[in-house]
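Residues per chain, in single letters:
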Amino acid sequence: GSGSTGTDDSERTIAGRVDSQDSTVSDGENADPRCTRQNSVSSVSQSLREWDIPYDELDRGEVIGRGRFGIVYSGNWHGLVAIKELRMDYVNDEKTLEAFKAEVSTFRKTRHENLVLFMGACMKPPRLAIVTSLCKGRTLYTHIHVQKDKFNMSKIIMIAQQISQGMGYLHARGIVHKDLKSKNIFLECGKVVITDFGLFNVTRLCHDTRRGNWLSIPPGWLCYLSPEVMRNLRVVQKQDDGLPFTTYSDVYGFGTVWYELLCGEWPHKGLPPEAIIWQVGRGMKPSLANLQASRDVKDILMACWSYRPDERPEFSTMQANLNKLPKKRLHRSPSHPIHLSRSAES
Ligand code: ADP
Ligand code: MG
């Protein structure tokens, strides 16, 4: 099933200070009008009541997997569901609890066939959990990186189209995903289902420092981070100085998923985290040495990975661009790599 994701849970750590505030290029990253704001506490608690599921009503089944939040179980609540239980050592203060409730409240606004169905949440500590429909297919991560499945170009375009549709809807509703990655995209009989949107703030990336300054890097996470997010990584990441995720940084993440679909691997392959953080933060793009594709296909990638957030396309534009692509076979032979001169500019 989708739980067999191998070395999923191990985390890389980096010691010391990782952010580089010395970047010489300014892009107005803090003035993004399209970024969502957290709801006020009172309006949140009002609207939350109808989504509250008493923990006792859940019939919890087996463990499906573990992620940043905690343990994910399959279960039953008026049918098959996925139950995402939050680790309480992460939610140990009032502020984090409020962040959890605020993020839960955004879910009720989501109704789209490419988004996982949010059913409700358990919001009484110490039992905090999110209940969604159970995705039956496998994640794109499992298809691409575990099973090494090769998709043909028309399938790749079809998948990318559906991701764009779901993401375009989220953005139109004012929701920033913040964690768009192949592990959060399921494929169910040809249908794309996106999960875990807007939940990022309830996770703690950085362990408090009993052992010194450590930033925990989940494997395969850095390659989805846009330059402006990358530059804001801190060794001690507190809830209240959260990373500057925006609709634009979601588009950057989509670019990485597009690359994974095309190349069958993550960008920056083989590079240590420190190098990825340094290079991307300074505006260098991943190598395209392993990507053999048409100009149009690469143009989409380069646009998504634009250094300046406002130069990245919106998902409506993305859909139009994807539509224009010829759905012929993609040749993935690495024997004739095409280096794009723009790929490593700084
Ligand atoms: P990550 O997204 O980093 O893998 P998660 O905590 O979101 O971490 O997920 C842990 C595991 O549970 C993964 O294997 C994921 O595929 C699985 N999972 C998460 N949500 C669902 C769902 N709605 N339906 C089925 N499996 C799920
Ligand atoms: Mg997930």
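Residues numbered from 1 in each chain as written. Chains lettered and ligands numbered in written order. Predicted model: local features only at pLDDT ≥ 70, side-chain atom pairs only at ≥ 80, totals over all residues. Heavy atoms only, no water.

Caption draft 1: The arrangement of the coordination of the magnesium ion (ligand 2) in detail. The protein atoms donating to the magnesium ion (ligand 2) are N184 (OD1) and D196 (OD), with metal-donor distances spanning 1.9 to 2.0 Å. Of this pair, N184 sits in the loop between α4 (153–172) and β8 (185–188) while D196 sits in the loop between β9 (191–194) and β10 (214–217), and the two are 12 residues apart along the sequence. Grouping residues by exposure puts N184 and D196 together as buried. (Donors = N, O, S within 2.8 Å, 3.2 Å for Na, K, Ca; no water. Helix = DSSP H or I, 4+ residues; strand = E, 2+ residues; numbered from the N terminus. Buried < 20%, exposed > 50% of the residue type's maximum accessible area, 1.4 Å probe, protein only.)

Caption draft 2: Looking closely at the site of ligand 1. With respect to spatial proximity, 20 residues lie near ligand 1, and among them K84, C135, K181, N184 and D196 are the closest. Within the backbone of C135, one N or O atom sits 2.8 Å away from a nitrogen atom of ligand 1. The side chain of K181 places a nitrogen or oxygen atom 2.8 Å from an oxygen atom of ligand 1. Contact with the protein chains covers 94% of the free accessible surface of ligand 1, which is 540 Å². It is strand β2 (residues 59–66) that contributes the most residues to the shell around ligand 1, 3 residues altogether. Looking at the shell around ligand 1 residue by residue, the classes come out as 7 nonpolar, 8 polar and 5 charged. (Near = heavy atom within 4 Å. Polar contact = N/O pair within 3.5 Å; in protein donor to acceptor, adjacent residues only side chain to side chain. Areas by Shrake-Rupley, 256 points an atom, 1.4 Å probe, with all protein chains shown as cover. Nonpolar A, V, L, I, M, F, W, Y, C, P; charged D, E, K, R; others polar.)

Caption draft 3: Looking closely at the nonpolar core. Ranked by internal contacts, the top residues of the largest apolar core, which has 75 residues, are L140, I163, L222, F254 and W258. Core analysis: the next-biggest nonpolar cluster, separate from the first, contains 10 residues, I53, Y55, Y73 and V81 among them. (Core = buried A, V, L, I, M, F, W, Y, C linked by side-chain atoms within 4.5 Å.)

Caption draft 4: Representation of the pattern of salt bridges. Taken as a whole and judged by the stated rule, the model has 9 salt bridges. E265 is the partner of K269 in a salt bridge, and the nearest nitrogen-oxygen pair spans 3.3 Å. By relative accessible area, which is 63% here, K269 ends up exposed. Here D310 makes a salt bridge to R308, at a shortest N to O gap of 3.1 Å. (Salt bridge = Lys/Arg side-chain N within 4 Å of Asp/Glu carboxyl O.)

Caption draft 5: Broad picture of the sheet that holds β8. Judged by pairing direction, the sheet is antiparallel, and its 3 strands sit side by side in the order β7-β8-β9 without closing on themselves. Each of the sheet's edge strands pairs with one partner strand only, and the pair in question is β7 (138–139) and β9. Relative to β9, β8 runs antiparallel, the two being bridged by 4 bridges. Counterpart to F186 in the pairing with β9 is V193. (Pairing = 2+ DSSP bridges.)

Caption draft 6: Examining the pairing of strand β3 (residues 70–76) more closely. The buried fraction of β3 amounts to 5 of the 7 residues, a majority that puts the element mostly inside the structure. In the sheet, β2 pairs with β3 via 5 bridges, with the strands oriented antiparallel. Following the sheet pairing, V63 is matched in β3 by Y73. Counted along the chain from β2 to the antiparallel partner β3, the turn is 3 residues long. Note: β3 against strand β4 (residues 80–86), 7 bridges, orientation antiparallel.

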